[in-house]
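# Structural overview
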Amino acid sequence: MTTRDSSTAGILFILIGMTAISLNDVLIKQLSGAYPLHQLVFTRSFIGIFVSIVLLQVEGGWSLLKTSTPGLHLLRAFMVVLSNMSFFAAIAVLPLAETTALFFAAPLMITLLSIPILGEKVGPMRMSAVLVGFIGVLIMQRPWQSMGDSDVNRLVLLLPIIAALTYAINQVMTRKLGVSSKASAMAIYIQGTFIIISAGFYFVAGDGRFAEGVENGAVEFLLRAWQWPPKGDWPFMAGLGCLSAMIGYCLSQAYRVSSAATVAPFEYVGLPLAVIWGFFIFGELPDLAVSLGIILIMGAGLFVFLRERMLERRITRPTNMRR
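Tallying secondary structure elements over the chain gives 13 helices and zero strands in all. Listing the helices and strands of the chain from first to last along the sequence gives α-α-α-α-α-α-α-α-α-α-α-α-α. Here the chain holds 323 residues, and 53% of them are scored as buried. Nonlocal contacts in the chain, meaning residues at least 24 apart in sequence, comprise 85% of its contacts between residues at least 6 apart.

Written out as structure tokens, the structure is:
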């Protein structure tokens with residue numbers, strides 16, 4: 001596959017994956033008032049792993065699950081679980097657009113981590129754009145507000161940042177491991193880890209005893225008792241499972257076939273999608289700080305994208321040299 005073809009494929013996979021993520025977030029937020037987080041995670045992963053197994057058979061069969069780096073795959077899967085649990089816990093309390101916006105420190109972190117870990121070249125112009133993006137993230141955190149002035153606990157505001165950091169580490173590891181591992185195999189490793197950890201939550205806290213008297217909405221969402229879903233909720237549960245498989249496959253594939261610095265900016269499509277879903281489904285609108293942050297991050301992402309495309313055109317010339 002040529003460089004241009006691999007970049008186009010990576011961008012296509014990340015766009016599909018980000019659309020699936022935005023729909024998944026809507027379903028999680030919609031169901032967060034009735035079910036515990038670990039039940040939703042278990043359900044989506046239990047269904048998703050069967051879809052991933054089908055994709056595994058298409059890509060080559062069970063032999064693809066063999067790996068010479070099981071420890072690295074386990075660490076990567078744990079990063080994904082920590083990222084998702086942190087983000088979903090925040091979604092139950094924060095507006096969808098604000099949670100997503102705070103999480104978008106991740107593409108900036110990916111671009112930075114790709115330098116020392118992957119040896120990718122990121123020039124001063126793109127580095128400046130990344131800095132502008134981080135300023136946008138900082139504005140969304142509202143550091144000028146005191147605890148008493150904020151409607152949300154400061155620790156809850158940090159949850160999307162924790163999710164962003166662990167997600168960035170995961171994606172850079174995907175690029176590192178992707179040379180010898182198929183996207184479907186990596187998705188199955190992650191789904192299996194989700195199932196094990198969420199089942200562990202059930203056996204320890206599934207009866208909801210740790211949620212009694214808890215006032216923090218994010219913690220209560222994590223620890224409340226399991227509920228058997230009524231028939232009307234089963235389509236949403238099935239949707240979570242299918243979206244989970246799609247997300248795991250598309251994100252893994254995107255970072256396998258293309259460079260992290262090329263793919264990462266396209267994750268910004270999740271920001272306008274979160275604003276759209278937040279407004280039309282939950283009646284939420286971002287305030288001035290979040291709106292300004294979104295503009296800065298979107299502007300930084302667009303610049304990084306345009307700069308990368310300019311460098312990519314140089315690659316296609318006969319000299320095949322990159323500055």
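Okay, the nonpolar core next. Ranked by size, the top nonpolar core spans 68 residues in total, and within it Ile14 and Leu40 carry the most contacts. Ranked by the residues each element gives to this core, the list is headed by helix H1 (residues 3-31), at 10 residues. Those residues in contact with Leu40 that lie beyond four places of it in its chain are Ile28, Leu31, Tyr35, Phe221, Met237 and Leu240. In terms of nonpolar packing, the next biggest core, distinct from the first, is built from six residues, Ala185, Ile188, Tyr189 and Ile195 among them.

The final tally for this structure, using the stated rule, is three salt bridges. Across the pair Glu284 and Lys29 runs a salt bridge, and its minimum N-O distance is 3.7 Å. Here the residue Glu284 occupies a position in the loop between helix H12 (270-282) and helix H13 (288-315), and Lys29 occupies one in helix H1, the gap between them amounting to 255 residues. For Glu284, a relative accessible area of 18% corresponds to the buried category. The partner of Glu220 in a salt bridge is Arg224, and the shortest N-O contact between them spans 2.6 Å. For Glu220, a relative accessible area of 23% corresponds to the partly exposed category.

Below, the discussion takes up the confidence of the model for the chain. Averaged over the chain, the pLDDT score is 82; the fraction of residues at 70 or greater is 88%. Across the chain, the element-wise mean pLDDT spans from 73 in helix H11 (residues 260-263) up to 91 in H12. Low pLDDT (under 50) marks residues 313-323, which in the prediction has 11 contacts with non-local residues, meaning those over four places away or in another chain.

What counts, and where the lines are drawn
Residues numbered from 1 in each chain as written. Predicted model: local features only at pLDDT ≥ 70, side-chain atom pairs only at ≥ 80, totals over all residues. Heavy atoms only, no water. Helix = DSSP H or I, 4+ residues; strand = E, 2+ residues; numbered from the N terminus. Buried < 20%, exposed > 50% of the residue type's maximum accessible area, 1.4 Å probe, protein only. Contact = heavy atoms within 4.5 Å. Core = buried A, V, L, I, M, F, W, Y, C linked by side-chain atoms within 4.5 Å. Salt bridge = Lys/Arg side-chain N within 4 Å of Asp/Glu carboxyl O. pLDDT = per-residue confidence, 0-100.

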